[in-house]
Amino acid sequence: MRTNPLTLIDFYKADHRRQYPDGTELVYSNLTPRSSRVAGTDEVVFFGLQYFVQEYLIDQWNDGFFRRPKAEVLAQYQRRMDTSLGQGAIDVAHIGALHDLGYLPLEIKAVAEGTRVPLKVAMLTMKNTKPEFFWLTNYLETLISCVLWKPCTSATTALTYRRVFDQYADETVGNRDFVSWQGHDFSMRGMSGVEDAIMSGAGHLLSFTGTDSVPAIDFLEAYYDANADLELVGGSVPATEHSVMCMGLKDSEIDTFRRLITTVYPAGVVSIVSDTWDFWRVITEFLPQLKADILARNGKVVIRPDSGDPVKIICGDPDAEPGSPAFKGAIECMWETFGGTITGKGYKLLDGHIGLIYGDSITIERQGLILEQLKQKGFASFNVVLGIGSFTYEYVTRDTFGFAVKATYGQVNGEGRDIFKDPKTDNGTKKSAKGLLCVTEENGRLVMQDQRTWAEEQTGLLQTVFLDGQLVRKQTLAQIREQLHKNI
């Protein structure tokens, strides 16, 4: 969706230029995650700036403002302000001066994307590079907050899932070779718009390779120099849906299974939704009858339950009739049919021709319960792939990690001012840093010092990414993945 970049603001931003003190020459702001509503999470993954810079600060400002006729863009902006704030409420001379300049006079410095940033440590800073455009720094607050909080949040959520999978892989298998496929993104259809789905899906792919969000891969190739011909950006497998199974009719369901695994997909991985009518019949009747066909394939048949309590379906329901399939759970029943191997850690791993994926209603809490209960039953974590959907990636807000853009330094008539906020009515969350900032690393963890000198501000991990209309530092997907998983 392309719109006038001048109007990607809250209305109250339009007249802040006149509200700053006379003689204001510089506004210096930062983006910081200030708090966490996720138990056990005190670091937030930084991701999305390179896209934001290229798409919004360069492409949209160039196409929607600088390359359009000056009179046209000024008239459009004047009309929007006049019809909403009142005739002549906003003067547009400063907008005309920006158009004459021909680029955004800003410098954005940031930590590397993929960095795990502790709470209350700035991810980026931005300031104007020409004194007459001091108003531009925080004019962009709404836009930068709107675009960046979600990919950072989704990348952090994905990393949380990844760490749990890593833990149980270490405990029950002895390697992490399959972990990147164990968390599969099924979220796109439930996200709040296409850009939201794509950016969130890209954040998922920093920690996993399993995805059904096709445009997330396109996004990483377009903005992060990924190349699916040369590296594994993301992937999936052929899979059925309920319309396919229903069309085959209930009385012929086993024939649908047989056709899929012997004729349509005689080799490779295929995922088959299996709860269309009677999941336990599929597990205890159909799979034993199809065992020879499954074991004869060069590939894996993945069974997909899609309803009920995933913990009970996978691991067993202690309240069900003892000895029943529901009591045992799907993995134990599949082991009884297909057997498998014992990992180096002493846990059962299903034969490589059969597997299970559950993609409905998986939360971080349920992920932990599933892997722990499988472990308690003697099964390795690699027996399952879990889908991560929009319930997880969409039930978050900017306040999940308290993202905020705040000014901490300014200059008026040549005099620098350390500025800050510290509301007495607040619990400390909204207390800001003060002055110029410097981010460094101590013992593997980022720390921030405020009230720095300009010389000190020039050091540390905040490096220039955008300067006067140009993207001056680029990262690849491979570099971001390496940065994210460093020392984990």
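Because the structure is predicted, anything quoted here is derived from the model rather than measured.

### A word on the sheet that holds strand β15 (residues 415–418)
Then, number 1: If you trace the 7 strands from one edge of the open sheet to the other, you get β15-β14-β1-β5-β3-β18-β19, paired in antiparallel fashion. Each edge of the open sheet is held by one strand with a lone partner, namely β15 and β19 (470–471).
Then, number 2: Set on the sheet, helix α6 (residues 141–172) makes contact with β1 (24–33), β5 (124–128) and β14 (403–412); between it and β14 the angle comes to about 140°.

### Re the UniProt feature "domain: Nicotinamide phosphoribosyltransferase N-terminal" (unreviewed entry) in the protein chain
Then, number 1: UniProt records the feature "domain: Nicotinamide phosphoribosyltransferase N-terminal" (unreviewed entry) for residues 7–58 in the present numbering.
Then, number 2: Secondary structure content for residues 7–58 is 27% helix and 25% strand, and the end C-alpha separation is 16 Å.

### What about the layout of surface pockets?
Then, number 1: Considered as a void within the structure, the largest pocket measures approximately 1100 Å³ in volume.
Then, number 2: In terms of lining, the largest pocket is formed by 44 residues, of which the most central are H184, F186, R304, I357 and G359.
Then, number 3: Contributions of two or more residues to the lining of the largest pocket are made by β6 (183–185), β9 (301–304), β11 (348–350), β12 (354–358), β13 (384–388) and α17 (390–394).
Then, number 4: Partitioned by chemical class, the residues of the lining of the largest pocket number 19 nonpolar, 16 polar and 9 charged.
Then, number 5: The computed volume of the second largest pocket comes to approximately 630 Å³.
Then, number 6: Lining the second largest pocket are 26 residues, and of these Y56, C146, V147, E195 and D196 lie nearest its centre.
Then, number 7: Of all the elements in the fold, those that place two or more residues in the lining of the second largest pocket are α2 (49–66), α6 and α8 (194–204).
Then, number 8: Considering every element that reaches the lining of the second largest pocket, the biggest residue donor is α6, with 7 residues.

### Quick notes on empty space enclosed by the protein
Then, number 1: In the structure shown here, the tally under the stated rule is 1 cavity of 30 Å³ or more.
Then, number 2: By volume, the largest cavity amounts to about 50 Å³.
Then, number 3: Taken together, the residues of the lining of the largest cavity sort by class into 3 nonpolar, 2 polar and 2 charged.

### Quick word on the packing of α6 against helix α16 (residues 364–376)
Then, number 1: Look at α6 against α16: their axes get within 10 Å of each other, and the N-to-C directions meet at 5°. The orientation of α6 with respect to α16, classified from their angle, is roughly parallel. Residues T160, Y161, V164, F165, Y168, E171 and T172 of α6 lie in contact with α16, whose contacting residues are I364, Q367, G368, L371, E372 and K375.
Then, number 2: Looking at side-chain class alone, the contact of α6 with α16 contains 6 nonpolar, 4 polar and 3 charged residues.

### Description of the pairing of β5
Then, number 1: Most of β5 is tucked away: 5 of the 5 residues are buried.
Then, number 2: Covered by surrounding structure in β5 are L124, M126 and N128 together with T125 and K127, the residues of both alternating faces.
Then, number 3: Across 4 bridges, the pairing between β1 and β5 is antiparallel. Bridged to N30 within β5 is T125.
Then, number 4: Relative to β5, strand β3 (residues 106–110) is paired through 5 bridges, and the arrangement is antiparallel. Bridge assignment links K109 to a residue of β5, and that residue is T125.

### Observations concerning α6
Count 3.6 residues to each turn of an α-helix, and residues three or four apart come out pointing the same way.
Then, number 1: The end-to-end C-alpha distance of α6 is 46 Å, a good match for the 46 Å that 32 residues give at a rise of 1.5 Å each.
Then, number 2: The buried fraction of α6 is high, at 26 of 32 residues.
Then, number 3: Where α6 terminates, the next one or two residues include G174, which has phi positive at roughly 105°.

### Concerning the side chain of T256
Then, number 1: Mapped onto the elements of the fold, T256 is located in helix α11 (residues 253–264).
Then, number 2: Beyond its immediate stretch of four places on either side in the chain, T256 contacts M245 and G248.

### Topic: the side chain of T137
Then, number 1: Assignment of secondary structure puts T137 in helix α5 (residues 136–139).
Then, number 2: On the basis of relative accessibility, which here comes to 0%, the residue T137 falls in the buried class.
Then, number 3: A polar atom in the side chain of T137 sits 3.1 Å from the backbone oxygen of V27.
Then, number 4: If sequence neighbours within four positions are ignored, T137 has contacts with V27, S29, L106, M126, K127 and N128.

### Some points on the environment of R80
Then, number 1: Along the chain, R80 turns up in helix α3 (residues 70–85).
Then, number 2: Apart from the residues lying within four places of it in its own chain, the contact partners of R80 are T7 and F11.

### Remarks on the nonpolar core
Then, number 1: In terms of nonpolar packing, the biggest core is built from 77 residues, with L49, F52, Y77, F219 and L220 touching the most fellow members.
Then, number 2: Apart from residues no more than four positions distant in its own chain, L49 is found in contact with I108, A110, E113, L124, L148, Y224 and V465.
Then, number 3: By size, the runner-up hydrophobic cluster in this structure holds 55 residues, among which are M191, F257, I283 and L350.

### Re the sheet that holds strand β7 (residues 210–211)
Then, number 1: Reading across from one edge, β7-β6-β13-β12-β9-β8 is the order of the 6 strands in this open sheet, with parallel pairing throughout. Unpaired on one side and paired on the other, β7 and β8 (270–273) mark the two borders of the sheet.
Then, number 2: Where β12 lies against β13, 3 bridges are found, and the strand directions are parallel. Residue pairing for β13: I357 is matched across the bridge by V385.
Then, number 3: Those strands touched by α8 are β6, β7 and β13, and its axis lies near 165° from that of β6.

### Quick word on the packing of aromatic side chains
Then, number 1: All told, the structure shown has 22 aromatic pairs when counted by the stated rule.
Then, number 2: Here K434 stacks its cationic end above the ring of F420, 4.1 Å away from the centre of that ring.

### Section: the pattern of salt bridges
Then, number 1: According to the stated counting rule, one finds 24 salt bridges in the structure shown.
Then, number 2: With its nearest N and O atoms 2.5 Å apart, the salt bridge here joins K13 to E141. You can see K13 sitting in the segment before α1 (16–19) and its partner E141 sitting in helix α6, a full 128 residues away along the chain. You'll find K13 and E141 in the same group, each marked buried.
Then, number 3: Among the salt bridges present, the one from R304 reaches D306, with a minimum N-O distance of 3.3 Å.
Then, number 4: Taking relative accessible area as the criterion, R304 reaches 14% and is therefore assigned buried.
Then, number 5: Via salt bridges that share partners, D42, E43, R116 and R445 belong to a single interconnected network.

How each quantity is defined
Residues numbered from 1 in each chain as written. Predicted model: local features only at pLDDT ≥ 70, side-chain atom pairs only at ≥ 80, totals over all residues. Heavy atoms only, no water. Pairing = 2+ DSSP bridges. Helix = DSSP H or I, 4+ residues; strand = E, 2+ residues; numbered from the N terminus. Contact = heavy atoms within 4.5 Å. Axes fitted to C-alpha atoms, helices over the stretch in contact; angles between N-to-C directions. UniProt positions renumbered as here; feature names shortened; annotations may be inferred. 1 Å grid on protein atoms, 1.4 Å probe; cavity = no way out; pocket = protein on both sides within 12 Å on 5 of 7 lines; lining within 4 Å. Points joined across faces, edges and corners; volume = space filled by probe spheres on them. Nonpolar A, V, L, I, M, F, W, Y, C, P; charged D, E, K, R; others polar. Parallel < 35°, antiparallel > 145°, perpendicular 65-115°, else oblique. Buried < 20%, exposed > 50% of the residue type's maximum accessible area, 1.4 Å probe, protein only. Expected span 1.5 Å × (residues − 1). Polar contact = N/O pair within 3.5 Å; in protein donor to acceptor, adjacent residues only side chain to side chain. Core = buried A, V, L, I, M, F, W, Y, C linked by side-chain atoms within 4.5 Å. Phe/Tyr/Trp six-rings, centres within 6.5 Å; stacked < 30°, edge-to-face > 60°. Lys NZ or Arg CZ within 6 Å of the ring centre and 35° of its normal. Salt bridge = Lys/Arg side-chain N within 4 Å of Asp/Glu carboxyl O.

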